[in-house]
Amino acid sequence: GGGTVRTNMTMATLDGLMQGDAASDDNKILNNAWRGVEAMELYIKAHEKLYAGQVDAAMKFAQPLENYDDILDPVDIFSLIALCGFHNQWYGVCSNAFMRLEQLQDIPQERRDQYQDLAFKIFTKFKPKDPTIGFDQQTKDVVTPEYLRELRKSYIKKCI
């Protein structure tokens, strides 16, 4: 009936707006609003994958979070990246995340010392190196701009 026609028209309008949004990176207001959604989605997905034992996928969702440190707490971001890197045996990624944690200015010295102690225990046992893999494997399932556009569309569809 009429509801279906209105829904289809709304979807077509929103799809046109999304295409216009994708074509124009100058729209900072919309992009900033979506950054919060993207940050939370990546954060939740990384946790879901980690708890499901899919450590490679978890790390691929966690690593882009370093670009959202203006939205999420950097301690949460780099702790998650370190955890995913450790469980994925990407000790270079894990080491870099620990260094970022140790360099945060807003944490007490006691906490910084705890990060250093834990990093010391890990990296005396494991060299802080990542496994060598081919480029095609390295770029597989990486969070891409296309993924983020589809994420935006999926949220808009949920609102209709």
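The following paragraphs examine the structure supplied in this document. From a predicted model like this one, the values you see are computed outputs, not experimental measurements.

1. Some details on the environment of leucine 72
With respect to the secondary-structure elements, leucine 72 resides in the loop between helix H3 (55–62) and helix H4 (74–87). For the pair formed by leucine 72 and alanine 39, sequence separation is 33 residues and the distance between their alpha carbons is 7.2 Å. Among all residues touching leucine 72, those that are not within four sequence positions of it are Ala39, Met40, Tyr43, Leu65 and Ile77.

2. Some points on the packing of H4 against helix H5 (residues 91–103)
Where H4 meets H5, the closest approach of the two axes is 7 Å, and the angle between their N-to-C directions is 160°. It follows from the interaxial angle that H4 and H5 lie roughly antiparallel. The crossing of H4 and H5 is left-handed. Across the interface between the two elements, Pro74, Val75, Phe78, Ser79, Ile81, Ala82, Gly85 and Phe86 of H4 pack against Tyr91, Val93, Cys94, Ala97, Phe98, Arg100 and Leu101 of H5. Of the residues that constitute the contact of H4 with H5, the class distribution is 12 nonpolar, two polar and one charged.

3. As for helix H8 (residues 145–159)
Between its first and last C-alpha atoms H8 spans 22 Å; for 15 residues at 1.5 Å apiece the expected length is 21 Å, and the two agree. Turning to H8, its buried residues are Leu148, Leu151, Arg152 and Ile156. Seen along its axis, H8 keeps its buried residues to an arc of 135°; they face one direction.

4. Quick look at the pattern of salt bridges
Following the criterion strictly, the structure yields three salt bridges and no others. For arginine 35, the salt bridge goes to aspartate 70, with nearest N and O atoms at 2.6 Å. Of this pair, arginine 35 sits in helix H2 (residues 28–51) while aspartate 70 sits in the loop between H3 and H4, and the two are 35 residues apart along the sequence. Residues lysine 60 and aspartate 56 are paired through a salt bridge, measuring 3.1 Å at the closest nitrogen-oxygen approach. Taken as a pair, lysine 60 and aspartate 56 lie in helix H3 at a separation of four residues, close to a single helical turn. Owing to a relative accessible area of 12%, lysine 60 belongs among the buried residues under this scheme.

Each value, and the rule that gives it
Residues numbered from 1 in each chain as written. Predicted model: local features only at pLDDT ≥ 70, side-chain atom pairs only at ≥ 80, totals over all residues. Heavy atoms only, no water. Helix = DSSP H or I, 4+ residues; strand = E, 2+ residues; numbered from the N terminus. Contact = heavy atoms within 4.5 Å. Axes fitted to C-alpha atoms, helices over the stretch in contact; angles between N-to-C directions. Parallel < 35°, antiparallel > 145°, perpendicular 65-115°, else oblique. Left-handed = near helix turned anticlockwise from the far one by under 90°. Nonpolar A, V, L, I, M, F, W, Y, C, P; charged D, E, K, R; others polar. Expected span 1.5 Å × (residues − 1). Buried < 20%, exposed > 50% of the residue type's maximum accessible area, 1.4 Å probe, protein only. Arc of directions from axis to C-beta. Salt bridge = Lys/Arg side-chain N within 4 Å of Asp/Glu carboxyl O.

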